[in-house]
Structure formats: C-alpha cells, structure tokens
Amino acid sequence: MDDLETLADAIRNADTAAVLTGAGISAPSGIPTFRGDDGVWDRFDEGQFTYGRFQRDPAGFWADRLELQEVMFGDGYEPNVAHEALAALGSEGYLDAILTQNTDGLHGRALSSAESNRGDGSDDSESSTESTESTTLLELHGNSQRAVCTMCGRRIDGDDAFSRVEDGELPPTCDCGGTFKPDVVLFGEQLPGATIQRARSLARDSDVFLAIGSSLVVEPAASLPRAASSTGATLGIINLESTPSDDAATVVCREDVTTALPALRERVLERKQ
Ligand code: NAD
C-alpha cells in the first residue's frame, strides 16, 4: 500500500476525519507564504504587524497593513484544486472538519461552492467558525477579508476598511468611536480560548488527522497533529518541506498539495466502489 492509499484507507474507515491547513495550501492560488523562498517576511518587517504596534500606533499599523494586504491578496485569488478536493471530500461525507491557520477565506469559498453544487448552498458567515451541512470550518487566526471594531465588535468587509485607509482614514473608525482592526489574530495577540479548545477537541476526537501545507511552527496550531496522534489518530503530513512533527506521523508525503489532495480524493472514492 503506498502513502496516499494508506491515508485513503484510513479516511474511508474513520468515524471522524479532520485536517489542519497552512499557507502552503493557498500558495498555488498565488498567495505568498510567510516563510521560505519569496516568503512575505523577506519583504516586510514582521515586527510592524504585532498587536502591540496596533495598540501604540494604529494609523501607522493600518498604512503598513494596506501594503501587506496588496502584496498578499492584491490581484484577486481563487480556491485551487487542493481547496476544492477537501471541500468535495467534506460534501461527500468523508471530512468532518477543516481547521486552518489561513486568513484568506478560501476554504469557506470552496466549501460554499461544493455545497451549492450539491444544490443546498450556504451563505458566507461572519464568524470564524462556519459549518456547512457536512463540514466544520474553524479559521484559527480569523479572516483578513474582514475588520472588527475593537470597542463594539461590529464587523465590516475588509475591502471597505482598506478603501477607507486608501482614502486617508487612518485608522478606520467605527460609528461607536472604536478603532477597526483586521479581523485576524495578530502576533502577540491571544487566540480566543474557545477556539483553541474546539480545535484541540476536534484533533483529539479524530481517527484521521492530516496536516497540510503548514510548517507547523506557529502555536497552538503546531501542537494539534501531535494531540491527534497521541489519542490514536492516523496522522498524515502533506508538505513540501520537513516539519517538527514528522516523527509523530504515520505517513509523511512530501508532495505539492495540488497533486496530493486531488489524488487522495480519487483514492478515497475508488476504494468506495
Ligand atoms: P508557513 O509560511 O510558515 O509555511 C508554509 C508551508 O507550506 C512551508 O513548510 C512550505 O514548505 C509548504 N508549502 C508551500 N507551498 C506548498 C505546496 N504547493 N504544497 C505543499 N506544501 C507547500 O505558513 P503556516 O505554517 O501556515 O504558518 C504561518 C502563519 O502564516 C499562519 O499563522 C497563517 O495565519 C499565516 N499565513 C496565512 C496565509 C494565508 O491566509 N493564505 C498566507 C501566509 C501566511
């Protein structure tokens, strides 16, 4: 049995299957990763995007954030075949949860398309936890296509916030007088406790857990694969480079996500027949 067949077999026999994805799954959509060749941190100073900077200097933070947003998401981008393969596995009943470190919203878009292809489309949600009929989506670090008021919690579309910044509103301000912040977990900011707990339970309760396109160095997401394997899950890691959790994995697949995930889905479906 080859590596993908081992994972396909485990997925087909699992009661609960979950995946964790990182920037690598969106790299083929044209969104740069943070680290590695051409990583965003080669061009920007990571220290300018911290929660502390936002609190000290919200105007300067937003001006720099606009530049970062343009580099990361500027030309528009679409889900790729890897997002689509996971969404299809979800709507076909093989994948219960997608936990993502990404803030690009691409899993939500792929899941909505997969659901509407089945004839029961669902609306975009403003929460970091969404569920389609078959698949839970947990956006661990939030969604950079939205902004949230730090005072009243109102959320607005990210494009609206960025066009206000472009027009010189620095920082963009809510009707209540509060300051908008990108609706993401910034460096130095805590993830909501409920989100971490939910992610840990999904990992511990899974029979199969795949870590896909993540360097697995950013906590607490980085610990989720080991949490899954310590409770007996079959752990698969699909990533171009080695990760600190490779030693805990049942299968390490050093392949591009755009070949590995469609092939994995095909194997799962083949074995059903
Ligand atoms: P990372 O940049 O640290 O690592 C990405 C990993 O993906 C690398 O190990 C790389 O080898 C691998 N990779 C790249 N292209 C691949 C491909 N085509 N197939 C398989 N593997 C591939 O990113 P991370 O681990 O997700 O964590 C860093 C943080 O970066 C997260 O907090 C996340 O919020 C943020 N981030 C998000 C986005 C996004 O939303 N798309 C983009 C950049 C960074």
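What counts, and where the lines are drawn
Residues numbered from 1 in each chain as written. Predicted model: local features only at pLDDT ≥ 70, side-chain atom pairs only at ≥ 80, totals over all residues. Heavy atoms only, no water. Helix = DSSP H or I, 4+ residues; strand = E, 2+ residues; numbered from the N terminus. Rg over C-alpha atoms; globule rule 2.2 N^0.38 Å. Buried < 20%, exposed > 50% of the residue type's maximum accessible area, 1.4 Å probe, protein only. Contact = heavy atoms within 4.5 Å. Areas by Shrake-Rupley, 256 points an atom, 1.4 Å probe, with all protein chains shown as cover. Lys, Arg positive; Asp, Glu negative; His and termini not counted. Charge placed at Lys NZ, Arg CZ, Asp CG, Glu CD. Pairing = 2+ DSSP bridges. Axes fitted to C-alpha atoms, helices over the stretch in contact; angles between N-to-C directions. Near = heavy atom within 4 Å. Polar contact = N/O pair within 3.5 Å; in protein donor to acceptor, adjacent residues only side chain to side chain. Nonpolar A, V, L, I, M, F, W, Y, C, P; charged D, E, K, R; others polar. Salt bridge = Lys/Arg side-chain N within 4 Å of Asp/Glu carboxyl O. Expected span 1.5 Å × (residues − 1). pLDDT = per-residue confidence, 0-100.

### Brief notes about the overall build of the protein
Looking only at helices and strands, the protein features ten helices and ten strands. On C-alpha atoms alone, the protein measures out to a radius of gyration of 19 Å, which is about the 19 Å that the 2.2 N^0.38 rule sets for 273 residues. The dimensions of the protein, computed from C-alpha atoms along their principal axes, are 60 × 40 × 35 Å. Expressed as a percentage of its 273 residues, the buried residues of the protein come to 49%. Look at the contacts in the protein between residues 6 or more apart in sequence, and 71% of them connect residues 24 or more apart. Surface accessibility of the protein: about 12,200 Å² in total, with carbon and sulfur atoms responsible for 43%. Put simply, the protein has 22 plus and 47 minus side-chain charges, and the middle of one group is 4 Å from the middle of the other.

### Overview of the sheet that holds strand β6 (residues 155-157)
Hydrogen bonds along the backbone pair up the strands of a sheet, which may run parallel or antiparallel. An order of β6-β5-β7 is seen for the three strands of this open sheet, with the pairing classed as antiparallel. Of all strands in the sheet, those bounded by a partner on one side alone are β6 and β7 (180-184). Taken over all neighbouring pairs, the strand axes of this sheet differ in orientation by 40° on average, direction set aside. The pairing of strand β5 (residues 142-149) with β7 spans four bridges and is classified as antiparallel. The residue bridging V148 from the neighbouring strand is K181, located in β7.

### Topic: the site of the ligand
Surrounding the ligand, one finds 27 residues, the nearest of these being A23, R35, Q101, D104 and S215. A distance of 2.8 Å separates an oxygen atom of the ligand from a polar atom in the backbone of T103. In isolation the ligand exposes 850 Å². Once the protein is present, 94% of that is buried. Looking at the shell around the ligand, its residues break down into ten nonpolar, twelve polar and five charged.

### A closer look at the pattern of salt bridges
What the rule picks out here adds up to 13 salt bridges. Across the pair R155 and D183 runs a salt bridge, and its minimum N-O distance is 2.5 Å. Within this pair, whereas R155 is found in strand β6, its partner D183 is found in strand β7, the two being separated by 28 residues in sequence. In this structure D183 comes out as buried when scored by relative accessible area, which is 8%. Measuring nitrogen to oxygen at the nearest pair gives 3.2 Å for the salt bridge that ties D246 to R254. The partly exposed category is assigned to R254, whose relative accessible area is 42%. The network of salt bridges with common partners includes D2, E5 and R267.

### Digging into the side chain of T195
Inspection of the secondary structure puts T195 in helix α8 (residues 193-204). Here T195 falls in the buried class, since its relative accessible area comes to 15%. When residues no more than four places from it in sequence are discounted, the contact partners of T195 are L138 and L140.

### Details of helix α4 (residues 58-73)
Helix length check: α4 (16 residues) gives 21 Å between terminal C-alpha atoms against 22 Å at 1.5 Å per residue, within 8%. Residues of α4 that are buried include every one of G60, F61, W62, R65, L66, L68, Q69, M72 and F73, and no others. Where α4 is buried, its residues contact α3 (51-56), β5, α7 (158-166) and β7.

### Side note on the confidence of the model for the protein
Should pLDDT be low for a region, the predicted coordinates there are not to be read in detail. Scored by pLDDT, the protein has a mean of 92; 93% of the residues are at 70 or more. Low confidence marks residues 120-127, where pLDDT is under 50. Its contacts with residues over four positions away, or in another chain, come to 13 contacts.

### As for the pairing of β5
The buried count for β5 comes to seven of eight residues, which makes it a mostly enclosed element. As consecutive antiparallel partners, β5 and β6 are separated by five residues, and within that stretch G153 has a phi angle of approximately 85°, a positive value.

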